[in-house]
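# Examining the three-dimensional arrangement
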Amino acid sequence: MIEIPDELAATQSRFNGAAGRAFVAALPDLAARLLERWGLRPDGPSMYGMCALVLPVVREADGRPAALKLQAVDEETAGEPVALRAWSAAGAGAVELLDHDPESGALLLERLDERRPLSGESDVREAVKALGSVLARLVAVPAPEGLPTLGGVAERMLAEVPERVGLLADAADRRLLADCAAAVREVAGEPGDRLLHWDLHYDNILAGRADAGRAGEWIALDPKPLAGDPGFELFPALDNLFDADEVVWRFDALTEALGLDRERARAWTLGRVLQNGLWGAEEGEVRLAPDHAEIARRLLRR
């Protein structure tokens with residue numbers, strides 16, 4: 001039997017209701033079936049995130065450490081195996097996909113060093129530079145066909161603005177979100193075609209393992225793949241480990257690392273503030289998240 005963390009069960013129930021509870025209930029049988037099919041044995045306590053349970057395992061055939069990721073598949077995660085294969089073929093610095101079960105969406109991944117997330121680095125500016133280096137390699141890869149597109153995301157966001165911005169209680173928040181929408185309109189006609197991670201923050205980059213020949217590497221995992229402009233990738237690195245006084249420095253460091261046009265990148269980063277604000281309004285929030293609002297103000301030079 002595998003242990004299902006109470007936090008994962010609570011998160012799935014809160015955000016996905018009956019479907020989330022059914023996903024959690026099915027995890028023990030799914031894990032047992034895949035352990036047998038892929039010849040795996042458990043190798044340590046389980047780990048979890050918002051939507052996935054990860055089991056450290058060892059492949060019995062060759063003794064290779066791996067990680068079995070069991071996740072609820074949705075529009076954001078369905079393209080994960082496609083993206084990981086594309087990045088692996090290009091040597092782009094993402095976690096290696098060893099196997100995939102299309103029916104359940106389960107992934108068998110190379111094992112990284114979960115004790116060393118990039119968020120644990122003592123010098124945050126060095127962590128930003130490392131993230132920029134990883135991100136530059138990822139977005140150099142063209143997006144495969146069939147992934148969700150930033151053009152579609154932008155179109156949906158802009159269609160929602162008139163109704164949802166008005167749900168915010170504070171006039172300054174409404175003006176800020178309207179300005180974010182105006183910035184997105186300026187670039188929406190050229191949404192880009194790069195393979196985006198969409199969620200590259202410092203906890204989604206782990207150190208490689210020496211026994212896999214990847215000592216000294218920082219490796220990306222847990223993408224929410226999207227085809228679009230790399231400027232849409234910068235927001236998580238500004239918001240995670242948030243420091244208001246470092247927003248502009250981080251933004252400049254990342255645009256330089258990726259070779260981006262600063263104004264286009266600014267518009268797409270404001271698009272992430274818009275996206276999160278619209279999501280919050282849909283969920284009943286009446287104020288923008290303070291960190292998100294501050295990022296927008298700093299990039300708008302207010």
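A brief look at the structure comes next.

## Description of the environment of Arg-33
Its location among the elements puts Arg-33 in helix H1 (residues 6-37). For the pair Arg-33 and Glu-96, spaced 63 residues apart in the sequence, the C-alpha separation amounts to 22 Å.

## Looking at the packing of aromatic side chains
Taken as a whole, this structure holds 2 aromatic pairs when the rule is applied. A ring pair is formed by Trp-198 and Phe-232, whose centres lie 6.4 Å apart and whose planes are at 40°; its orientation type is tilted. One end of the pair, Trp-198, is in the loop between strand S8 (194-196) and strand S9 (205-207); the other, Phe-232, is in the loop between strand S11 (226-228) and helix H6 (235-239), and 34 residues separate them in sequence. Pair check on accessibility: Trp-198 and Phe-232 agree, each one buried. Members of the aromatic cluster, connected to one another through ring pairs, are Trp-198, Phe-232 and Trp-268. Here Arg-125 stacks its cationic end above the ring of Trp-249, 4.1 Å away from the centre of that ring.

## As for the pattern of salt bridges
In total, this model carries 26 salt bridges according to the counting rule given. A salt bridge links Arg-37 to Asp-101; its shortest N-O distance comes to 2.9 Å. Here the residue Arg-37 occupies a position in helix H1, and Asp-101 occupies one in strand S5 (residues 97-101), the gap between them amounting to 64 residues. Under the relative-accessibility criterion, Asp-101 is labelled buried at 5%. Linking Glu-263 and Arg-266 is a salt bridge whose minimum nitrogen-to-oxygen distance equals 3.1 Å. Taken together, the residues span about one helical turn, with Glu-263 and Arg-266 both in helix H8 (residues 262-282) at a distance of 3 residues. Given the relative accessible area of 39%, Glu-263 is considered partly exposed. Given a relative accessible area of 18%, Arg-266 falls into the buried group. Taken together, the shared-partner salt bridges connect Asp-245, Glu-294, Arg-297 and Arg-298 into one network.

## Some thoughts on helix H5 (residues 171-187)
Under the 1.5 Å per step criterion, the end-to-end length of H5 is 25 Å for 17 residues, consistent within 8% with the ideal 24 Å. Inspection of H5 places Asp-173, Leu-176, Leu-177, Cys-180, Ala-181, Ala-183, Val-184 and Val-187 among the buried residues, and these make up the whole buried set. Down the axis of H5, the smallest arc covering the buried residues is 160°, so these residues share one side. Looking at H5, the residues exposed on the side facing more than 90 degrees away from the buried face are Arg-175 and Glu-186. Capping of H5 at its N-terminal end is provided by Asp-170; its side-chain oxygen lies 3.0 Å from the backbone amide nitrogen of Ala-172.

Criteria and thresholds
Residues numbered from 1 in each chain as written. Predicted model: local features only at pLDDT ≥ 70, side-chain atom pairs only at ≥ 80, totals over all residues. Heavy atoms only, no water. Helix = DSSP H or I, 4+ residues; strand = E, 2+ residues; numbered from the N terminus. Phe/Tyr/Trp six-rings, centres within 6.5 Å; stacked < 30°, edge-to-face > 60°. Buried < 20%, exposed > 50% of the residue type's maximum accessible area, 1.4 Å probe, protein only. Lys NZ or Arg CZ within 6 Å of the ring centre and 35° of its normal. Salt bridge = Lys/Arg side-chain N within 4 Å of Asp/Glu carboxyl O. Expected span 1.5 Å × (residues − 1). Arc of directions from axis to C-beta. Polar contact = N/O pair within 3.5 Å; in protein donor to acceptor, adjacent residues only side chain to side chain.

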